[in-house]
Amino acid sequence: MTVSRHEIFQTSLMSALLDGVYEGEMTVRDLLGHGSFGIGTFNGLDGEMLIVDGKCYQLRADGGVTKPDLGAYTPYAVVTNFVPHIESRLPDNIVRAEASAFIDHMTASENYMYALRIDGDFEWIRMRTVVKQQKPYRPMVEATDEDAIVELHNVSGSLVGFRTPLYEQGIGVPGCHTHFITDDRTGGGHVLDFKLKSGSAALCLGTDLRLQLPLTDAFRDANLSPDDLARQLAKTEQHA
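Residues numbered from 1 in each chain as written. Predicted model: local features only at pLDDT ≥ 70, side-chain atom pairs only at ≥ 80, totals over all residues. Heavy atoms only, no water.

> Summarise helix α3 (residues 96-106); cite the residues concerned and give the values.
When α3 is considered as a whole, its buried residues turn out to be R96, A99, I103 and M106. The arc that holds every buried residue of α3, seen down its axis, measures 70°, which confines them to one face. The exposed residues of α3 that point more than 90 degrees off its buried face are A97 and H105. (Buried < 20%, exposed > 50% of the residue type's maximum accessible area, 1.4 Å probe, protein only. Helix = DSSP H or I, 4+ residues; strand = E, 2+ residues; numbered from the N terminus. Arc of directions from axis to C-beta.)

Right, here's the structure in full:
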């Protein structure tokens, strides 16, 4: 396939979030100026962020969905303008690990970044959502211990996220990092596992990463290269 340049924009680093840097300088309004598709969180870890079709949603700890104020701030988010370069129907009745392996085979090369969207009907989907934190902020491995697990059954919706190469560990989350929202926009969260009855996947290949780092004291003083970075990512992203 012919690859043309496509930018992915990111504010702050995943390793900063792990270290408790939960306040950023970028508003939702400004973030939407960089892309119409993406994921992230809100200041204070006040729920998960999902952006799809140019609209931003705040996925709450109880599994509900609200629309955030455009002036709300984010400490970490990744967005792009989604252009499907590779599309395929997924095998019926597959779970997350099987879907991830199938998507790996769809990619042109494992060395690029990909925005990922899966639309379909789910037999079940298991999610968690971060609970808003209070100062003084704890590291994310402690903050996510409070996350409630929410499971939805027989729902239709969209998975929105990114497939990130291992070499970006700490900048982002290696592997597939996705959030989910129902078609009626009433439920969603950070995806842990699912069984997809039927659906399709689309990938948008990213060649350029534009990274904007916060000019804050908390970011300046953060430990962005902990010895157990891989363990922290596994625990916070998949409760491993």
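> I'd like to hear about unusual backbone geometry, residue by residue, with values.
Of note, the bond from K135 into P136 is cis; its omega dihedral lies within 30 degrees of zero at -5°. Assignment of secondary structure puts P136 in the loop between β11 (113-128) and α4 (140-143).

> Could you give an account of the pattern of salt bridges, with specific residues and numbers?
Counted according to the given criterion, the structure contains 14 salt bridges. Its salt-bridge partner being D208, residue R5 comes within 2.6 Å of it at the nearest N-O pair. With a gap of 203 residues between them, R5 in the segment before β1 (7-11) and D208 in strand β15 (residues 208-212) connect regions that are remote in the sequence. We classify D208 as partly exposed; its relative accessible area is 26%. Between D217 and R220 there is a salt bridge; the shortest N-O distance is 3.4 Å. Of the two residues, D217 and R220 both sit in helix α5 (residues 217-221), 3 residues apart, roughly one turn of that helix. Across this residue pair, the class does not change: D217 and R220 are exposed. Look at the salt bridges and you will find they share partners, linking D53, R117 and D119 into a network. (Salt bridge = Lys/Arg side-chain N within 4 Å of Asp/Glu carboxyl O.)

> So what's going on with the environment of Q133? Which residues, and what values?
In this structure, Q133 sits in the loop between β11 and α4. For Q133, a relative accessible area of 5% gives the class buried. Sequence separation between Q133 and L45 is 88 residues; the distance between their C-alpha atoms is 6.0 Å. For Q133, the residues in contact, after removing those within four places along its chain, are Y22, G44, L45, R138, A143 and E146. Within the structure, Q133 has its side chain in polar contact with the backbone oxygen of V131 (distance 2.7 Å). (Contact = heavy atoms within 4.5 Å. Polar contact = N/O pair within 3.5 Å; in protein donor to acceptor, adjacent residues only side chain to side chain.)

> Give me the lowdown on the state of the cysteines, citing residues and values where you can.
Joining two cysteines, a disulfide is a covalent bond between their sulfur atoms. Under the defined criterion, the tally for this structure stands at 0 disulfides. A disulfide-free cysteine, C56 has its sulfur positioned 18 Å from the sulfur of C204, the nearest such atom. On the accessibility criterion, C56 (7% relative accessible area) is buried. With no disulfide of its own, C176 has C204 as its nearest cysteine by sulfur position, at a separation of 14 Å. Under the relative-accessibility criterion, C176 is labelled buried at 15%. (Disulfide = S-S within 2.5 Å.)

Geometric values such as these leave the question of function open.
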